[in-house]
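What the coordinates show
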Amino acid sequence: MAIQKPRGTQDFLPERMREWKYVEEKIASLCSAYGFGEIRTPVFENTSLFLRGIGETTDVVQKEMYTFASGDKGDTFTLRPENTASAVRAYLEHKIYGTENMTKWFYIGPMFRHERPQAGRYRQFHQFGAEVLGSSSPYTDSEVISLALEVCKSVGLTGLTLELNSVGCPKCRPVYREALIQYFEPHKEELCTDCQSRLTKNPLRVLDCKVDTDKTKEAPRITEYLCEECEEHFKKVQELLTAIGISYTLNPNLVRGLDYYTKTAFEIKYPPLGAQSAVAGGGRYDGLVEELDGPSTPAIGFAIGMERLLLAIEKQEAMPQFAPLKSVFVVSMGDEASVEGFRLVTSLRKRDIYAAMDGAGRSMKSQLKLANRMRAEYAIIIGEEELANGKVLVRNMAEGTQEEVMLDAVLDYVEHVMKG
Ligand code: HAM
């Protein structure tokens, strides 16, 4: 059997890529309005970056990483399952903290998680993410949430929901953790096997379990355990979101799947996507830079799943119809005319005009058919006789009219009629 792409990966052919480019351009233009500069980091990093950054007890680290050994030094590397840890690694490696008070970065690229594939969940997927390092202000939380929503809206999505929570900080979370353990311990046997082990290692993750949803309804809520600082911060974020007209629902069970979060956590959902409706997720990670041996640096960010964003646009039928590129087809009869035609096509391309020819010696009728199929706006027809007189015919394909033009003036002529 012919070789096929690995499970959970996708090929994007030119038509689909045009849609991706459209979305990426919207993202880039909004990011620049919000003052974010683009970064690219390697698709693989030292495994220890993710172990320390994302947390050893998370599903991502325990079950989903693509890790491989490389070289003879015994080093292991991992295909990045997300980009936040890498962004922080780059921030530290380039000592950006020494040159900027606040750093605003965005990225778009492939991520890798060995998950069970289904609609909207892949093993290679793409994220657009944005990270702000160096600000503890609740204004930054609201700014970042606003950017995530604006990106979704800019591609035509409506009916999005924003879920908000605070997951506290190292001061208040241990107390909450204890309360959760005490609450669940007497019913431990009733929890799913994953949650039974989560209860000791990472009890907050029990709240996020898709199997045990009923058992978490009456559980203690983190918002009742927040320290004064976290509570104030959370209130201010809500006040600022309201001030800029962003509505949200509070979800005390929103704990997110990565360990680095502190204070604000949020998700944006597009409910028509069903099981994989989380289009974006993010939050504050005030301890991560220090965890990775950097200076204490508050930070916040989010990532949007590009495939899910595109699925949502499709569901909403919000993808614009793209007009075919304006093009010129050069029709040539005979060897000498074909060489001249090839010269013309090359010169037109240098002038940024999409030009093509056949070159297979087909009849004029077949070549005009090809011109029609590619929806060429103009055809330049070069016959032996025209060539001998230093002339060509320029045919307006839609109108079926044609004009005789001097060969040495045809480039300027076509450029003029096509670009106006
Ligand atoms: P995350 O929630 O793991 O967060 O992923 C963010 C988004 O990526 C999800 O909401 C979803 O749209 C998409 N996504 C995740 N896994 C898959 C998958 N297997 N297939 C398709 N799409 C997927 C992060 O990755 C954090 N780094 C976000 C962040 C940035 N937090 C702070 N800064």
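Read on for an overview of the structure. Everything quoted here is computed from the prediction, not taken from an experiment.

Bringing the site of the ligand into the picture now. Taken together, 26 residues surround the ligand, and among them Glu82, Thr84, Glu115, Glu131 and Tyr261 come closest. Contact distances for the ligand include 3.0 Å between an oxygen atom and a backbone N or O atom of Val279. Relative to its unbound accessible surface of 660 Å², the ligand loses 95% to contact with the protein. Only strand E6 (124–133), strand E10 (278–284) and strand E11 (299–305) provide two or more residues apiece to the shell around the ligand. Ranked by residues supplied to the shell around the ligand, first place goes to E10 with six residues. Grouping the amino acids of the shell around the ligand by side-chain chemistry returns 11 nonpolar, eight polar and seven charged.

Under the counting rule described, the total for this entry stands at 29 salt bridges. The partner of Asp293 in a salt bridge is Arg52, with the nearest N and O atoms 3.0 Å apart. Taken as a pair, Asp293 in the loop between helix H10 (288–291) and E11 and Arg52 in helix H2 (residues 47–54) lie far apart in primary sequence, 241 residues in all. What makes Arg52 partly exposed here is its relative accessible area of 38%. As a salt-bridge pair, Arg343 and Glu340 come within 2.6 Å of each other at their nearest N and O atoms. In this pair, Arg343 and Glu340 are both assigned in helix H12 (residues 335–350), three residues apart and thus about one turn of the helix distant.

Overall, the coordinates contain 14 aromatic pairs when judged by the stated rule. When the ring of Phe44 is compared with that of Phe77, the centres are 5.6 Å apart and the planes differ by 85°; the resulting orientation is edge-to-face. Of this pair, Phe44 sits in strand E2 (residues 44–46) while Phe77 sits in strand E4 (residues 76–79), and the two are 33 residues apart along the sequence. Under the relative-accessibility criterion, Phe44 is labelled partly exposed at 40%. An angle of 80° between the planes, with centres 6.2 Å apart, marks the rings of Tyr91 and Trp105 as edge-to-face. Of this pair, Tyr91 sits in helix H4 (residues 84–93) while Trp105 is found in strand E5 (residues 103–112), placing the two residues 14 residues apart along the sequence.

About the cut-offs
Residues numbered from 1 in each chain as written. Predicted model: local features only at pLDDT ≥ 70, side-chain atom pairs only at ≥ 80, totals over all residues. Heavy atoms only, no water. Near = heavy atom within 4 Å. Polar contact = N/O pair within 3.5 Å; in protein donor to acceptor, adjacent residues only side chain to side chain. Areas by Shrake-Rupley, 256 points an atom, 1.4 Å probe, with all protein chains shown as cover. Helix = DSSP H or I, 4+ residues; strand = E, 2+ residues; numbered from the N terminus. Nonpolar A, V, L, I, M, F, W, Y, C, P; charged D, E, K, R; others polar. Salt bridge = Lys/Arg side-chain N within 4 Å of Asp/Glu carboxyl O. Buried < 20%, exposed > 50% of the residue type's maximum accessible area, 1.4 Å probe, protein only. Phe/Tyr/Trp six-rings, centres within 6.5 Å; stacked < 30°, edge-to-face > 60°.

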